Each structure stands twice: as C-alpha cells, then as structure tokens.
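One-letter residues, chain by chain:
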Amino acid sequence: MALRGVSKPKTEAPILLVCGDPGSGKTTLANSFGQWADGIFIRSEDVSGVFDHLPQDKRPDMFDKLPRATPRAKRATSTAILDQLDQLIDEDHNYGWVAFDTISVLDDLLQHEVLEFLGGENLAVAGGGYGAGWQTLSEIHGEIIDACLELRVKRDMTIIWLAHQKIERMRNRPDAEEAIVFGMEMHERCHHLYRKHADAVLFTRMNTFTKGVSTSNKGDVKKAGKIVASGDRSIITSSDGAQGYIYAKNRYGLPPEMEFPKDDAILLDYIDYYKA
C-alpha cells in the first residue's frame, strides 16, 4: 500500500541575512544577484546613491521608500511593506529576488509605529506595559517574515534581508572575560526571528591592516599603529571564520571567509540553486 503525503524534498530559493557596517558592501552584494535574475529592493532607507556608478539599465528596480507612521496614519509602515509583499506574491512580474534594505531601519520604523498605535513613551510601557509593545512589534515582524516565506514558496524568489551590524559584549562563563561579538542592529526580541529562518547569516566587512606600528627586538610593541582600511572586502559565512562572528552560519558549504571584489556575484558561484 502506498503511503500518502510522501515526496522528495524540493530545492527552495535561499533566504539570506546579510549584516555589516555602512559601506561594507551589503547592498552591493544583494545587487550582485542581478547577474542571475532581475530583482527589486524594498527600502526603509534611501540606498539609491549606491548605484550611481552603474548605467541606468543595470540599476535595480525599487519600491517607494517605506513611510513613517503618523498620528493620522498609525499603521503606515506595516501597511506599506505588507502591500509591497502582496504585490510580489500576487501580481505578474519576472523578479527572481527581493532585498530589504535594511531590516534594522525597518525595525526602528516599526517601533515608532507601535508607539503611535498603542501609545506610550517607549515600548516597555506601550499599551499599558506588561510586554504589550514588544509583543506587538514581534507580531508585525512575524507577519513580514510569513509573507516572505509565502513569496519564496509561491514565486520561487530569493529573499535577502540586509541589516546593520552592531558590537555586543558576551560572557559565556562567570569565570571568563567578556568577549566582543558581532551581531545585528535590531532588538533581541526580534532579530532571532530573522536568524532562525535564514539559510545563511553572512557578515560583510572592510579588511584592515595596521600601519606605523613599531616593535622592539623582542617583538614588544613600542609604538601602536593606526588601523587603515585596505579597500578590500570579505564575507564571513561561518562561526568557524574570523573571531567574534558567532551568529554567522550557512547550509551551503561556503568557505568560512570569502574575498568579495566589488560587483562580483561570488555567492552565485557557490550556491547550487543558482547553477540549475
């Protein structure tokens, strides 16, 4: 007797979370997917200047920048982004990927929206307190993520979430020193929602070197140097890579650290989905 509801797993479009400082190449990395298929940006901040060096026909399409909630339009941000996602789900188009630039600024906009909607000076006391503000914020992010998952299933689109990077201090054991780790600029009650749904959590960074350092014959530092950006970029793809990137992960067997020349579609060469 044949079993019902049994099938082989289907290869799904990737969901990528890319974190990094301003200028480290997040938006450029997302736009490199344009070498595989047309894409579109959902914008919580103005990123159009990143593409000034490109000819007009090489620049990506962009939705209107997401609005900030007001007393007369208290749900303006969430209404706009869910409408943009609904269009991608339901309307005819040829886009193969969508990039959110950035979900960190989106989180700021949504926090402001929750305060407009529930009232209160901050999320701790919004809606009368007791976690109502944070719960509402998490639910809105959940709706956005659910729409992204639907978009991946129904339209086979790659989802690229871009986020600003922040430095965190972490102590794993009471007898150990604090360690500096690189995380995502978003409240801790929300950023784990994106991390757990991402097939890869990647960090872009500008490579640096120390200039002007002076050492003694014994190797002791006599004069500290200055940290200078080399102009080269790299992508951290795994917690086995550079120190401090404990949230980095991927399920594609990417090298722990990858050089990232500007406008190079390096991820397309490694992820099998884009080779089909």
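Residues numbered from 1 in each chain as written. Predicted model: local features only at pLDDT ≥ 70, side-chain atom pairs only at ≥ 80, totals over all residues. Heavy atoms only, no water.

Participant: Explain helix α5 (residues 188-197) to me, and be specific about the residues and the numbers.
Facilitator: Those residues of α5 not exposed but buried are Cys 190, His 191, Leu 193 and Tyr 194. When α5 is viewed along its axis, its buried side chains cluster within an angular range of 145° and face the same direction. Every exposed residue of α5 that faces more than 90 degrees away from the buried side is listed here: Glu 188 and Lys 196. Looking at the buried positions of α5, the neighbouring elements they touch are β1 (15-20), α3 (103-118), α4 (132-155), β5 (158-170) and β6 (179-184). (Buried < 20%, exposed > 50% of the residue type's maximum accessible area, 1.4 Å probe, protein only. Helix = DSSP H or I, 4+ residues; strand = E, 2+ residues; numbered from the N terminus. Arc of directions from axis to C-beta. Contact = heavy atoms within 4.5 Å.)

Participant: So what's going on with the pattern of salt bridges? Residues and values would help.
Facilitator: Pairing is possible between side chains that carry opposite charge, provided their charged atoms lie close to one another. Scanning the model with the defined rule gives eight salt bridges in all. Residues Asp 199 and Arg 152 are paired through a salt bridge, measuring 3.1 Å at the closest nitrogen-oxygen approach. Placement of the pair is Asp 199 in the loop between α5 and β7 (200-211) and Arg 152 in helix α4, with a sequence separation of 47 residues. Each of the two residues, Asp 199 as well as Arg 152, counts as buried. With a relative accessible area of 7%, Asp 199 lands in the buried category. Beyond isolated ion pairs, a larger network of salt bridges with shared partners links Glu 12, Arg 152, Asp 199 and Arg 251. (Salt bridge = Lys/Arg side-chain N within 4 Å of Asp/Glu carboxyl O.)

Participant: Can you lay out the environment of Ala 198 for me, pointing to particular residues and giving the numbers?
Facilitator: Mapped onto the fold, Ala 198 is located in the loop between α5 and β7. Look at Ala 198 and you get buried, because its relative accessible area is 0%. As a C-alpha pair, Ala 198 and Trp 161 span 37 residues in sequence and 8.8 Å in three-dimensional space. Contacts of Ala 198, omitting those with residues within four sequence positions, involve Ile 15, Leu 17, Trp 161 and Lys 249.

Participant: Tell me about the confidence of the model for the protein, and please be specific about residues and values.
Facilitator: Model confidence for the protein is summarised by a mean pLDDT of 88, while 88% of its residues fall at 70 or above. At the low end of the mean pLDDT range in the protein sits strand β9 (residues 221-223), at 54; at the high end sits helix α2 (residues 76-90), at 98. (pLDDT = per-residue confidence, 0-100.)

Participant: Explain the pairing of strand β4 (residues 97-101) residue by residue, including any values.
Facilitator: When you tally the buried positions in β4, you get five out of five residues, the bulk of the element. Sheet analysis places β4 next to β5, joined by five bridges and oriented parallel. Each residue of the ladder has a partner; that of Ala 99, found in β5, is Ile 160. (Pairing = 2+ DSSP bridges.)

Participant: Tell me about a negative patch on the surface, and please be specific about residues and values.
Facilitator: Together, Asp 83, Asp 86, Asp 90, Glu 91 and Asp 92 line one region of the surface with negative charge. Mapping Asp 86 onto the fold places it in helix α2. (Patch = residues over 30% accessible without salt bridge, like charges linked within 9 Å, V, L, I, M, F, W, Y side chains within 5 Å. Areas by Shrake-Rupley, 256 points an atom, 1.4 Å probe, with all protein chains shown as cover. Lys, Arg positive; Asp, Glu negative; His and termini not counted. Charge placed at Lys NZ, Arg CZ, Asp CG, Glu CD.)

Participant: How would you sum up the packing of α2 against α3? Please name residues and give values.
Facilitator: At a closest axis distance of 8 Å, the pairing of α2 and α3 adopts a crossing angle of 130°. As judged from the angle between their axes, α2 and α3 are oblique. Residues Ala 76, Thr 77, Ser 78 and Ile 81 of α2 form the contact with α3, whose participating residues are Leu 106, Leu 109, Leu 110 and Glu 113. Split by residue class, the contact of α2 with α3 holds five nonpolar, two polar and one charged. (Axes fitted to C-alpha atoms, helices over the stretch in contact; angles between N-to-C directions. Parallel < 35°, antiparallel > 145°, perpendicular 65-115°, else oblique. Nonpolar A, V, L, I, M, F, W, Y, C, P; charged D, E, K, R; others polar.)

Participant: Report on the layout of surface pockets, specifying residues and quantitative values.
Facilitator: Here the largest pocket is characterised by a volume of approximately 360 Å³. Among the residues forming the lining of the largest pocket, the class breakdown is seven nonpolar, seven polar and six charged. The space that makes up the second largest pocket amounts to roughly 200 Å³. As for the second largest pocket, its lining consists of 17 residues, and the residues nearest its centre are Pro 22, Gly 23, Lys 26, Thr 27 and Val 50. In terms of residue count, the dominant contributor to the lining of the second largest pocket is helix α1 (residues 26-31) (three residues). Residues belonging to the lining of the second largest pocket are distributed by class as follows: three nonpolar, eight polar and six charged. (1 Å grid on protein atoms, 1.4 Å probe; cavity = no way out; pocket = protein on both sides within 12 Å on 5 of 7 lines; lining within 4 Å. Points joined across faces, edges and corners; volume = space filled by probe spheres on them.)

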